[in-house]
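Residues per chain are reported as follows:
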Amino acid sequence: MSERSALRVRLDRLTREFAKFGAVGGVGLLVDLGVFNLVRHFTDLPVVRASIIATVVAIAFNYVGFRYFTYRDRDKSRRAREVSLFFVFSAIGLVIQNGILFVATYGFDWDTPLQSNFFKFFGIGVATLFRFWSYRTWVFRTMPEHEAVTVAESFLEKAPKQAVRPQPDRVG
C-alpha cells in the first residue's frame, strides 16, 4: 500500500470516527440542553448547578453511546480502566463546560435564559474538542495489531467448523 493510500485510509477512518462521535455527541447535546432547561424551568436551582446535573446525565448517556456505537470495535479487555478514565476525562470536560457558563453568569452577569443557553452551548463545544481527543487517545484505545490478530484467530477457532463440500469438476 502506498503512503498516499495509507493516508487516505487513515483519514477515512478518522472521518467515520468523528461522524459517529458527532452523532452520539449530538444526541448527548440534546439530552444536556433538554435536562438543563427542564431543571431551570421546574426548579429554583442556580444556573451552574442545573448545568452540572444536566451534564452528568448527558455523560452517562454518552458513555453508552460511545462504548456501544462509536467505539464498539475498540479494546474491551480493561473495562474498569475504561470507565474510570471516561469519567475522569468527562469530569475535566464538565469543569471546562461549566466553567465557561460560570464565568459568563457570575463574572459578566449574563443570566437570561438565552444567554445561559448560549454559554452552555459554547462550553459544550469547547469541552467536546477536549473530550474527542482524550476519549480516542486514552479511553477507547485501539487494540494493538498483534492483539487484534490473536483475538480474531481465537474467535475463528471457536467458530463451528463448516464442512466444505467439494465442487464437482465441470466440463464445458
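A. Molecular detail of the overall build of the chain. When its secondary structure is counted, the chain shows 5 helices and 0 strands. Along the chain, helices and strands appear, N-terminal first, in the series α-α-α-α-α. Taking all 172 residues of the chain together, 30% fall into the buried category. Once local pairs closer than 6 in sequence are excluded, the contacts in the chain between residues at least 24 apart make up 73%. For the chain, the exposed area adds up to about 11,900 Å²; of that, 66% sits on carbon and sulfur atoms.

B. View of the pattern of salt bridges. In the structure shown here, the tally under the stated rule is 5 salt bridges. Salt-bridge contacts for R136 lead to E17; the nearest nitrogen and oxygen are separated by 2.9 Å. On the criterion of sequence distance, the pair formed by R136 in helix α4 (residues 113–139) and E17 in helix α1 (residues 3–42) is long-range, its members being 119 residues apart. Taking relative accessible area as the criterion, R136 reaches 32% and is therefore assigned partly exposed.

C. Spatial organisation of the side chain of S116. The residue S116 is located in helix α4 in this model. Excluding its chain neighbours within four sequence positions, the residues that come into contact with S116 are F36, R40, V47, L101, W110 and D111.

D. Structural detail: the environment of G25. By the secondary structure assignment, G25 is in helix α1. Residue class for G25 comes out partly exposed when judged on its relative accessible area of 25%. In this structure, the C-alpha to C-alpha distance between G25 and T128, residues 103 residues apart in sequence, is 8.1 Å.

E. Molecular detail of the nonpolar core. One finds F21, F66, Y71, F86, Y135, V139 and F140 to be the most contacted residues of the largest nonpolar core, which totals 14 residues. Top element by residues in this core is α4. It accounts for 4 residues. When near neighbours in sequence (up to four residues on either side) are disregarded, V139 contacts E82, L85, F86, F89 and S134.

F. Main features of α4. Three or more residues of α4 are buried, namely S116, F119, K120, G123, I124, A127, F130, R131, F132, S134, Y135 and V139. Next to the buried residues of α4 lie α1, α2 (47–70) and α3 (79–107).

G. Molecular detail of a nonpolar patch on the surface. Taken together, the side chains of F102, V103, Y106, F108 and W110 define a hydrophobic patch exposed on the protein surface, amounting to about 510 Å² of accessible area. Residue placement: F102 occurs in helix α3.

H. Summary view of the packing of α2 against α4. Two numbers describe how α2 lies on α4: the axes approach to 12 Å, and their chain directions differ by 35°. In this structure, α2 meets α4 at a crossing whose hand is right-handed. Contacts from V47, S51, A54, T55 and F66 in α2 reach S116, K120, R131 and Y135 in α4. Of the residues assigned to the contact of α2 with α4, the class counts are 4 nonpolar, 3 polar and 2 charged.

I. Summary view of the side chain of N62. Counting through the fold element by element, N62 comes out in helix α2. Discounting chain neighbours no more than four positions away, the residues touching N62 are V24, G28 and F86.

J. Representation of the packing of aromatic side chains within the structure. Using the criterion set out here, one finds 22 aromatic pairs in the structure. Where F18 meets F132, the ring centres are 5.2 Å apart and the plane angle is 90°; that geometry is what we call edge-to-face. Taken together, the positions of F18 in helix α1 and F132 in helix α4 put the pair 114 residues apart, joining distant regions of the chain. Ring geometry for F89 against F130: centres 6.0 Å apart, planes inclined by 55°, an arrangement best described as tilted.

Cut-offs applied
Residues numbered from 1 in each chain as written. Predicted model: local features only at pLDDT ≥ 70, side-chain atom pairs only at ≥ 80, totals over all residues. Heavy atoms only, no water. Helix = DSSP H or I, 4+ residues; strand = E, 2+ residues; numbered from the N terminus. Buried < 20%, exposed > 50% of the residue type's maximum accessible area, 1.4 Å probe, protein only. Contact = heavy atoms within 4.5 Å. Areas by Shrake-Rupley, 256 points an atom, 1.4 Å probe, with all protein chains shown as cover. Salt bridge = Lys/Arg side-chain N within 4 Å of Asp/Glu carboxyl O. Core = buried A, V, L, I, M, F, W, Y, C linked by side-chain atoms within 4.5 Å. Patch = residues over 30% accessible without salt bridge, like charges linked within 9 Å, V, L, I, M, F, W, Y side chains within 5 Å. Axes fitted to C-alpha atoms, helices over the stretch in contact; angles between N-to-C directions. Left-handed = near helix turned anticlockwise from the far one by under 90°. Nonpolar A, V, L, I, M, F, W, Y, C, P; charged D, E, K, R; others polar. Phe/Tyr/Trp six-rings, centres within 6.5 Å; stacked < 30°, edge-to-face > 60°.

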